[in-house]
Amino acid sequence: MEAFLDFFFGEFLVTGQPLIYGAMVSIALGSITVIAVLTYFKAWGWLWREYITSVDHKKIGIMYIIAAIVMFVRGGIDAMMMRIQTSLPGMTFLDSQHYNEIFTTHGTIMIIFMAMPFLIGLMNFAVPLQIGARDVAFPFFNNLSFWSFAFGLALFNISFIIGGSPDAGWTNYAPMAGAELNPGPAINYYLLGLQLSGIGTLGTGINFIVTILKMRAPGITMMRLPIFTWSTLITALIIVFAFPILTVALALMTLDRIFGAKLFTLAGEGMPMMWANLFWLWGHPEVYIVILPAFGIFSEVISTFARKQLFGYKAMVYAMVIIALLSFLVWVHHFFTMGAGGGVNSFFSITTMLIAVPTGVKIFNWLGTMYRGRITFETPMLWALAFIPNFVIGGVTGVMLAMAAADYQYHNTYFLVAHFHYVLIAGTVFGCFSGLIFWYPKMFGHKLNEKLGKIFFWLFMIGFNVCFLPMYFLGFAGMPRRTYTIEPEWMPLSLTATAGAFMMAAGFAVFVYSIYYSFRYAERETQGDSWGVGRTLDWATATPIPFYNFATLPEFDSKDAYVGMKDKGETTYDKSKVEEIHMPSNSGLPFFMMLALFIASFGLVWEWFWMAIPGLIMFFIVMGIRSFDYNEGFHVSTKEIHEIEQAARGEDSK
Amino acid sequence: MGKFISRAKRTLMLPAFALVIFLSGCADLVVLDPQGPVAESQAELITFSIIMMLGIVAVVFVLFTYMLVKFRYRPEKEGNDNYDPTHHGNNKLEVIWTVIPLIIVTVLSIPTVTTIFELENPPEVSADTEPLVVHATTANYKWFFSYPEENIETVNYLHIPTDRAIEFKLSSADSMTALWIPALGGQKYNMAGMENTLYLQADNEGEYAGRNANYNGSGFAGHTFEVIAQNEDDYNAWVTEVQESAPELTEEAYVEMLTPGLAANSEYSSTHLDYVDHGTNEGREYIVDQHGGELGEKLHLQGGREIWDE
Ligand code: HEM
Ligand SMILES: [Cu+2]
Ligand SMILES: [Cu+2]
């Protein structure tokens, strides 16, 4: 018993840090509140039936987005703690080890559990609507992907109260992250958390490729696809080619750490450099996975609120294809300083700079879309417009980093930190905000308050620049990244950055409040085309969107499908054409399948095979049950369709 | 409670002191103030690229502002606002803005590639003297500088002569690290079981900050060193002094220093290369053989340099 208690309080629970006790208490209180609220409103059954087991792409999308926002808060709290610690020299708020854990979880969470799921959520919500489909190609698989992601997220996040957080950076370089230099469960959480959620990402990639290739409504040819759908297709292709590399790399390091292999180790002829290569072979495409869908969103939003067709549609598509191809040919720019030699560095410098060409084309095409338009400044448009100048700053500094000889000075400094936040925040995060606010009325039946939205925008956007612009200069001043304490001469700039971070946090708080405020007070949507200027099929549906999306669809003969429909007075409810609709049934199996893998992974993290093996067996059992599941879905009667459509569209549709 | 107050005091005092510095001046941008030929060619490349980039930024910002101002929707101007909802392309323009970036990339590539190859060799200016060879080895948060020809070794600081190229032989006993002296030039990685070569040179006498730039764990922030650049006579005098007065670096003492932790500056009249070269495949397992189970130990550094220097 004593040994058990020793283990429990000595190793299992993370103890001795007041901040972590605080976090434990707030997590406990938070969970109790959620459970109490759900129980009070007798909402458990509702949650299970309507969301957890749902195969509806719209609900799955919403679940992804909610998880992403929660992770934005977690990653954001990490960011604020780092900014406080590095605001002034001599700060004793965090010690070195604690700081290291925090930037590791910040980076990993922001990329894997915030940016990617946020975009996947928006894809899930919008893409089937944009192509006139009733769901994705494999709805069951889609629910499974979500639960793989959600349990991966849970596994990664519990590390900071159970066992300790990973501390080798989001890049998790060997041999520092190997068992020789870093024993214990912390790094295992990284490996298995990412492995588990990676299954879902790969699944999403496959699902969207098939959906977009096979489920388009008649007349929506490839060259008439909305540009966000194109960006999703290309992203899905990158996922399918890049994620297996991560899967293999993680598996190999897991073999090293848990099963005593010597693939990346110091001793026994391991090849630590191989990890860096595999990681970035996935890692660079990964940054395009989180930027291309954002590009797609900006294209939709800019053309919508400039009330114009997208400028250079074909060029936009080809530019994305070229970016996707090049993204696999640049990974060495993450370690120009490894000493590979002049020829190698020159080659990768040039391939990297070449990415600027298609990106530049896209920037000018967005400007071209604004030309001769009628631009209005609704909040989604504000984010899309702010993206252009801010992203250009991130882009040109990216070109500077691509120049290997100069990169020897920028590498591992705050110049790099500034650069990647300029592309990740001004690109990905602005894109997520823009897309969320844009489609919010279709998701929840009301818009977010525009006035609060503008306060949020200005605080966050200005705060972002105040926070990250000084970091370029900190790089020139010789400040390395990942250092928990600063030299006195860096203080003026570093303190300014912290002030900016607080502005961003204040802006985000306004956003969270606006969710509540709009839920209470916003006008409810009565028609499908929420902004009045929709161009794509998603806006042709009624609000709330019927679970089958479209009762009927006309034949399309041009891009901007909904613009054509509006011209011809068509809707997605043609009474004379309504037929029975076949829809897939919900299923609880994916949840249990991934719960089983979660248990197995947790066992592996602790090297408890008595737990890992039964978990794995449970997984196969549920999979077996699925094989004998002959549920073919259900049919929606025409009567029910008429009722739903008429309720949503009002009297005049009768 | 008393401990808490003294800690709180320390937490508040340093920032207050720092605020004074805040008001008394701004950070100097060491990368743009090169002290040797390597840093200089990098600073030149950087300055050139900044100018090009500012040009691009200016063009985009001007066009962007023009679009916003000119095509903002004004209800009163409807009808004569040049609005065209179906306007969607212009081949000539699209070709232009594909070709111009291509030209810019070419213009940037040329100096980049020449500088990359230039930095693979010792600086031209000191071609008439042989570079000074210094083995720079890192081991969990310490720097070891071995001068094989002089047969001396220093820990966490090094002396170099000015106007002569230094040929650093980089390797690591454990994690991957990077030797970086921003005033003298960019970094390169130190890795276990292999050797990288980095040429740097100082033109001016003085003290420069050097550090490991590549994150390697809990002692990373303390993993720094000092560079003292001296004229040749002073440098030679220093070498002789170390040769004559410093103790030898026994294997025992060296192995002791390979345990995780920070270390004070010290100097020796022999080098660890006598018994292990971590830059070779044979030297690669050395630290694991010596310290197997202890290498995972984490440091909890608190506060700034002045605190953990003691
Ligand atoms: C919301 C405001 C944010 C702030 C104030 C912030 C701040 C920071 C800071 C100060 C660092 C450097 C830590 C260090 O090197 O010592 C950092 C690292 C990082 N951030 Fe952020 N960040 C923010 C948002 C984001 C977002 C949205 C993303 C991704 C989508 C992101 C991705 C990363 C990554 C990948 C790292 C590198 C982590 C590592 O070194 O392993 N950050 N962040
Ligand atoms: Cu990259
Ligand atoms: Cu190597």
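Sequence positions are assigned chain by chain, starting from 1 and proceeding in written order. The naming scheme follows written order: chains are lettered A onward, ligands numbered 1 onward. Local features in this predicted model are restricted to residues of pLDDT 70 or higher, and side-chain atom pairs are both shown and tallied only at a pLDDT of 80 or more, whereas totals for entire chains, interfaces and linings draw on every residue. Hydrogens are left out, water is left out, and the side-chain values use all remaining heavy atoms of the structure.

Remarks on the overall build of chain B
So, point 1. For the purposes of this entry, the term helix denotes a DSSP run of H or I that reaches at least four residues, the term strand denotes a run of E that reaches at least two, and both are numbered from the N terminus. The number of helices and strands found in chain B is 7 helices and 11 strands.
So, point 2. Whether a residue is buried, partly exposed or exposed follows from its accessible area with a 1.4 Å probe, protein chains only, as a fraction of its type maximum: under 20%, in between, or over 50%, in that order. For chain B, the residues scored as buried account for 52% of the 310 residues in total.
So, point 3. Long-range contacts, defined as pairs at least 24 residues apart, comprise 71% of the intrachain contacts of chain B with a sequence gap of at least 6. We call two residues in contact when some of their heavy atoms are within 4.5 Å.

Re the UniProt feature "domain: Cytochrome oxidase subunit I profile" (unreviewed entry) in chain A
So, point 1. UniProt positions are given in the numbering used here, feature names are shortened, and annotations may be inferred rather than shown by experiment. Per the UniProt annotation, the sites labelled "domain: Cytochrome oxidase subunit I profile" (unreviewed entry) are residues 40-557 of chain A.
So, point 2. In residues 40-557 of chain A, helix accounts for 68% and strand for 0%; the two terminal C-alpha atoms are 52 Å from one another.

Focus: the coordination of the iron atom of ligand 1
Octahedral metals with six donors have ideal donor angles of 90 or 180 degrees. Tetrahedral metals with four donors have an ideal donor angle of 109.5 degrees.
All names here are of chain A.
So, point 1. The donor set covers N, O and S atoms within 2.8 Å of the metal, switching to 3.2 Å for Na, K and Ca, and it leaves out water, so a site may look short of donors. All of the protein donors around the iron atom of ligand 1 are His106 (NE2) and His421 (NE2); their distances to the metal are 2.0 Å.
So, point 2. Note that the iron atom of ligand 1 binds 6 donor atoms; their angles at the metal cover 88 to 179°, and the shape is octahedral. Taken together, the residues histidine 106 in helix 5 (residues 96-130) and histidine 421 in helix 16 (residues 414-444) connect sequence positions 315 residues apart.
So, point 3. On the basis of relative accessible area, histidine 106 is assigned to the buried category, the value being 11%. Irregular is the default label, applied whenever a site is not tetrahedral (four donors, all angles between 85 and 135 degrees) and neither square planar nor octahedral (four or six donors, opposite donors over 155 degrees apart, all other angles between 65 and 115).

Things to note about the coordination of the copper ion (ligand 2)
All names here are of chain A.
So, point 1. Summarising the metal site, the copper ion (ligand 2) is bound by the protein donors His284 (ND1), His333 (NE2) and His334 (NE2), whose distances to it range over 1.7 to 2.0 Å.
So, point 2. Going along the chain, you hit the donors of the copper ion (ligand 2) in the pattern H-x48-H-H. A residue pair is termed long-range when its members are at least 10 positions apart, and histidine 284 in helix 9 (residues 272-289) and histidine 334 in the loop between helix 11 (313-326) and helix 12 (342-354) qualify at 50 residues. Note on accessibility: histidine 284 and histidine 334 belong to one class, buried.

As for the interface of chain B and chain A
So, point 1. Across the boundary between the two partners, chain B contributes 103 residues, which contact 104 residues of chain A.
So, point 2. One side-chain nitrogen of Lys or Arg within 4 Å of one carboxyl oxygen of Asp or Glu is enough to make a salt bridge. Along the contact surface separating chain B from chain A lie 3 salt bridges.
So, point 3. Notably, a salt bridge pairs arginine 374 of chain A with glutamate 78 of chain B, separated by 3.9 Å at the nearest N-O pair.
So, point 4. Pairs of N or O atoms are called polar contacts if they sit within 3.5 Å, as long as, within protein, a hydrogen donor faces a hydrogen acceptor (for residues adjacent in sequence, only side-chain-to-side-chain pairs). Between chain B and chain A we count 39 residue pairs in polar contact (both at pLDDT 80 or more) in total.
So, point 5. Of all the elements in the fold, those that place two or more residues in the side of chain B that touches chain A are helix 1 (2-23), helix 2 (37-70), helix 3 (91-118), strand 7 (185-190), helix 6 (286-291) and helix 7 (305-308) of chain B.
So, point 6. If one sorts the elements of the side of chain B that touches chain A by residue count, helix 2 of chain B sits on top with 15 residues.
So, point 7. Considering only residue class, the side of chain B that touches chain A consists of 56 nonpolar, 31 polar and 16 charged. Residues are grouped as follows: Ala, Val, Leu, Ile, Met, Phe, Trp, Tyr, Cys and Pro are nonpolar; Asp, Glu, Lys and Arg are charged; every other residue, Gly included, is polar.

Considerations on the site of ligand 1
Residues and elements named next belong to chain A.
So, point 1. One heavy atom suffices: a residue is near a molecule or strand as soon as one of its heavy atoms comes within 4 Å of it. With respect to spatial proximity, 24 residues lie near ligand 1, and among them Tyr99, His106, His421, Arg481 and Arg482 are the closest.
So, point 2. The contact in question runs from an oxygen atom of ligand 1 to an N or O atom on the backbone of tryptophan 170, over 2.9 Å.
So, point 3. Within the backbone of arginine 482, a nitrogen or oxygen atom sits 2.6 Å from an oxygen atom of ligand 1.
So, point 4. Looking at the shell around ligand 1, the elements with two or more residues in it are helix 4 (57-85), helix 5 and helix 16.
So, point 5. Broken down by class, the residue content of the shell around ligand 1 amounts to 16 nonpolar, 5 polar and 3 charged.

Notes on the nonpolar core
So, point 1. Core analysis: the largest hydrophobic core is formed by 294 residues, its most contacted members being Phe430 of chain A together with Phe168 and Leu179 of chain B.
So, point 2. Segmentation into domains, and thus their bounds, comes from an automatic or database assignment. Residues from two domains meet in this core; each of domain 1 (30-67 + 93-120) and domain 2 (129-295) of chain B gives at least three.
So, point 3. In contact with phenylalanine 430 of chain A, not counting residues within four places along its chain, are Phe298, Trp383, Ala386, Phe387, Asn390, Ile425, Phe460, Met461 and Phe464 of chain A.
So, point 4. Put simply, buried Ala, Val, Leu, Ile, Met, Phe, Trp, Tyr and Cys residues joined by side-chain atoms within 4.5 Å make one nonpolar core. Counting 19 residues, the second largest nonpolar core, distinct from the first, contains Tyr254, Leu258, Tyr286 and Val288 of chain B.

Some remarks on the sheet that holds strand 3 (residues 152-155) of chain B
Residues and elements named next belong to chain B.
So, point 1. The strand order 8-5-1-2-3-11 describes an open sheet built from 6 strands, whose pairing is mixed. For this open sheet the edge positions go to strand 8 (196-200) and strand 11 (266-268), each flanked by a neighbour on one side alone. With direction set aside, neighbouring strand axes in the sheet form an average angle of 25°.
So, point 2. Pairs of strands are assigned from DSSP output, requiring at least two bridges between the strands. Pairing between strand 3 and strand 11: 3 bridges, direction antiparallel. When the bridges of strand 11 are listed, glutamate 153 appears paired with tyrosine 268.
So, point 3. What counts as an axis is a line fitted to C-alpha atoms, over the stretch in contact for a helix, and the angles between N-to-C directions run from 0 to 180 degrees. Sheet contacts for helix 4 (residues 232-245): strand 1 (132-139), strand 2 (142-147), strand 3 and strand 11; angle to strand 3, the most-contacted strand, approximately 95°.

A word on the state of the cysteines
Residue and element names in this part refer to chain A.
So, point 1. Any pair of cysteine sulfurs within 2.5 Å is marked as a disulfide. Tallied over the entire structure, the rule returns 0 disulfides over all chains.
So, point 2. Residue cysteine 432 stays outside any disulfide, its sulfur separated by 18 Å from that of cysteine 467, the closest cysteine.
So, point 3. Note on cysteine 467: relative accessible area 2%, which makes it buried.

Considerations on the pattern of salt bridges
So, point 1. The full count for this structure, using the stated rule, is 14 salt bridges over all chains.
So, point 2. Lysine 58 of chain A is paired through a salt bridge with aspartate 56 of chain A; the nearest N and O atoms lie 3.2 Å apart. You'll find lysine 58 of chain A and aspartate 56 of chain A in the same group, each marked buried.
So, point 3. One salt bridge connects lysine 566 of chain A with aspartate 529 of chain A, and the closest N-O pair in it is separated by 2.9 Å. Of this pair, lysine 566 of chain A sits in helix 19 (residues 561-568) while aspartate 529 of chain A sits in the loop between helix 18 (491-521) and helix 19; the two residues are 37 residues apart in sequence, bridging distant segments of the chain.
So, point 4. Using a relative accessible area of 4% as the deciding quantity, one classes aspartate 529 of chain A as buried.
So, point 5. Several salt bridges share partner residues, and in doing so they unite Arg374 of chain A together with Glu78 and Asp81 of chain B into one network.

Remarks on the sheet that holds strand 9 (residues 206-212) of chain B
Residue and element names in this part refer to chain B.
So, point 1. The strand order 4-10-9-6-7 describes an open sheet built from 5 strands, whose pairing is mixed. Of all strands in the sheet, those with a lone pairing partner are strand 4 (157-161) and strand 7, marking the two edges. Strand-to-strand, the axes of this sheet are offset by a mean angle of 25°, without reference to chain direction.
So, point 2. Its contacts with the sheet place helix 4 against strand 4 and strand 10 (224-230), and it is angled at close to 135° to strand 4.

Focus: the packing of aromatic side chains
All names here are of chain A.
So, point 1. Between 30 and 60 degrees the pair is tilted, below 30 it is stacked and above 60 it is edge-to-face, where a pair is any two Phe, Tyr or Trp rings, Trp via its six-membered ring, whose centres lie within 6.5 Å. Evaluated as defined, the whole model comprises 93 aromatic pairs over all chains.
So, point 2. For the pair phenylalanine 264 and tryptophan 275, a centre-to-centre distance of 5.7 Å together with 80° between the ring planes defines the contact as edge-to-face. With phenylalanine 264 in the loop between helix 8 (227-259) and helix 9 and tryptophan 275 in helix 9, the pair connects residues that are 11 residues apart, well separated along the chain. Accessibility assignment for this pair places phenylalanine 264 and tryptophan 275 in one class, buried.
So, point 3. Over the face of the ring belonging to tyrosine 51 we find lysine 59, whose NZ or CZ atom lies 5.5 Å from the ring centre.
So, point 4. By definition, being over a ring means that NZ of Lys or CZ of Arg is both within 6 Å of the ring centre and within 35 degrees of the ring normal. Across the ring face of tryptophan 531, the terminal group of lysine 447 is positioned such that the distance to the ring centre comes to 4.8 Å.

What to know about the pairing of strand 7 of chain B
All names here are of chain B.
So, point 1. Counting buried positions over the 6 residues of strand 7 gives 6, a clear majority of the element.
So, point 2. Sheet topology places strand 6 (residues 177-181) next to strand 7; 4 bridges connect them, and they run antiparallel. When the sheet's bridge partners are listed, leucine 179 is paired in strand 7 with lysine 188.
So, point 3. In textbook terms, the turn of a hairpin is the stretch between consecutive antiparallel strands, and for strand 6 and strand 7 this stretch comprises 3 residues.

Some remarks on the packing of helix 5 of chain A against helix 9 of chain A
Residues and elements named next belong to chain A.
So, point 1. The interhelical angle for the contact between helix 5 and helix 9, taken along N-to-C directions, is 40°, at an axis separation of 10 Å. Regarding the angle of helix 5 to helix 9, the classification is oblique. The residues of helix 9 that touch helix 5, namely those facing Ile111, Ile112, Met116 and Leu119, are Trp282, Glu286 and Ile289.
So, point 2. Residues that form the contact of helix 5 with helix 9 fall into these classes: 6 nonpolar, no polar and 1 charged. Here roughly perpendicular refers to angles of 65 to 115 degrees, roughly parallel to angles under 35, roughly antiparallel to angles over 145, and oblique to all remaining angles.

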